[in-house]
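Structural characterization, general
So you can see what is in the structure, the chains are spelled out below.
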Amino acid sequence: MLPNQMHTVCLLGSPRRDGNSDTLAKRFLQQATHYEAPTETFALSELRYNGCNNLFRCKEDLEHCGQTDDLTQVLAAVSKAQVLVLATPVYFTSISGQLKLAIDRFFSFFVPDYPTVEKKSRLSSGRHLVFLQTQGEPEDRYEGLMDSFSASFRGLGFDHHHLIRACGVRNPGDINQASGVLRDCDAIATRICACS
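Residues numbered from 1 in each chain as written. Predicted model: local features only at pLDDT ≥ 70, side-chain atom pairs only at ≥ 80, totals over all residues. Heavy atoms only, no water.

Here's the deal with the pairing of strand β1 (residues 8–12)
So the rule is basically this: Burial classification: accessible surface area is computed with a 1.4 Å probe over protein chains only, and a residue below 20% of its type maximum counts as buried, one above 50% as exposed, and the rest as partly exposed. To qualify as a helix, a DSSP run of H or I must reach at least 4 residues; to qualify as a strand, a run of E must reach at least 2; elements of each kind are numbered from the N terminus. Two strands pair if DSSP finds at least two bridges between them. A right-handed crossover is one whose linking path, passing over the helix from the first strand to the second, runs clockwise when the strands point away from the viewer.
By the criterion of burial, β1 is predominantly enclosed, with five of the five residues buried. The alternating pattern of β1 places T8, C10 and L12 on one face and V9 and L11 on the opposite face, and all of these are buried. Both β1 and strand β2 (residues 39–43) contribute to a ladder of five bridges, which runs parallel. Residue pairing across strands places T8 opposite T39, the latter belonging to β2. A crossover connection joins β1 to the parallel β2 through helix α1 (residues 20–33); in handedness this β-α-β unit is right-handed. The pairing of β1 with strand β3 (residues 83–89) spans five bridges and is classified as parallel.

If you want it as structure tokens, here you go:
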């Protein structure tokens, strides 16, 4: 990998493969590869892992999560990523359970004294978070979903946030008719990866 290439890691949060959020993620990654950005994708529904068990080993005697399961490789990949893509449908007013369990494990990236120090993260700063949100409901629902995670991700070093949101895409394949969203997806991927 060349120094200026934007290593991109994508977490697919939907339990339904090849649904709208998966399709949107694939679109983003295809655009990223045009600029030779190395990419890794993890379908969380195919992995076996727990959420944070509050072992606190990541703050006491380890510099990584104290659990060892299928998410261990995901956390290792995220720690090296310049771009993190989180793709999720809206399930019961929020992100999918699969994605929330994974995000809870990001607690291991915080340093032990994170509440009182300026640099709270073991990760480097200047990273990009791309939040891909698909929902069957109209645009006036769930518009602040990414905002609820923004402060924590900024604390982890993901300083640049990008939201790509597709509304009214209830059935598989509906995203392919959302031409404006697809254009936004291409544009954001280009802006991040072409200017690395």
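A closer look at the pairing of strand β4 (residues 128–135)
In terms of burial, β4 is a largely internal element, eight of the eight residues being buried. Residues H128, V130, L132 and T134 line one face of β4 and the alternating positions L129, F131, Q133 and Q135 line the opposite face, and both faces are buried. Pairing of β3 with β4, which is carried by seven bridges, proceeds in the parallel orientation. The residue bridging T88 from the neighbouring strand is Q133, located in β4. Of the strand pairs in this sheet, β4 and strand β5 (residues 160–167) are connected by eight bridges, and their pairing is parallel. Pairing of L132 across the sheet is with I164, part of β5. Following the backbone out of β4, through helix α5 (residues 147–155) and into the adjacent parallel β5, one traces a crossover that is right-handed.

A few points about a negative patch on the surface
Put simply, the rule is: Distance thresholds for patches are 9 Å for like charges and 5 Å for nonpolar side chains (Val, Leu, Ile, Met, Phe, Trp, Tyr), applied to residues having over 30% relative accessible area and no salt bridge. Here, Shrake-Rupley sampling with a 1.4 Å probe gives the accessible areas, and only protein chains in the shown set may cover a residue. A pairing counts as a salt bridge when a side-chain nitrogen of Lys or Arg comes within 4 Å of a carboxyl oxygen of Asp or Glu. The positive count covers Lys and Arg only, the negative count covers Asp and Glu only, and His and the chain ends enter neither. Working definition for charges: the position is that of NZ of Lys, CZ of Arg, CG of Asp or CD of Glu.
There is a patch of like negative charges on the surface, built from E139, D140, E143 and D147. Positionally, D140 belongs in the loop between β4 and α5. Residue classification places D140 among the exposed residues on the basis of a relative accessible area of 58%.

A few points about unusual backbone geometry
Although it is not a glycine, F56 sits at a positive phi angle of roughly 65°. Inspection of the secondary structure assignment puts F56 in the loop between β2 and α2 (57–60). At F92, a position not held by glycine, the phi torsion is positive, near 50°. Mapped onto the elements, F92 comes out in the loop between β3 and α4 (97–104). Taking relative accessible area as the criterion, F92 reaches 81% and is therefore assigned exposed.

None of this, on its own, says anything about what the molecule does.
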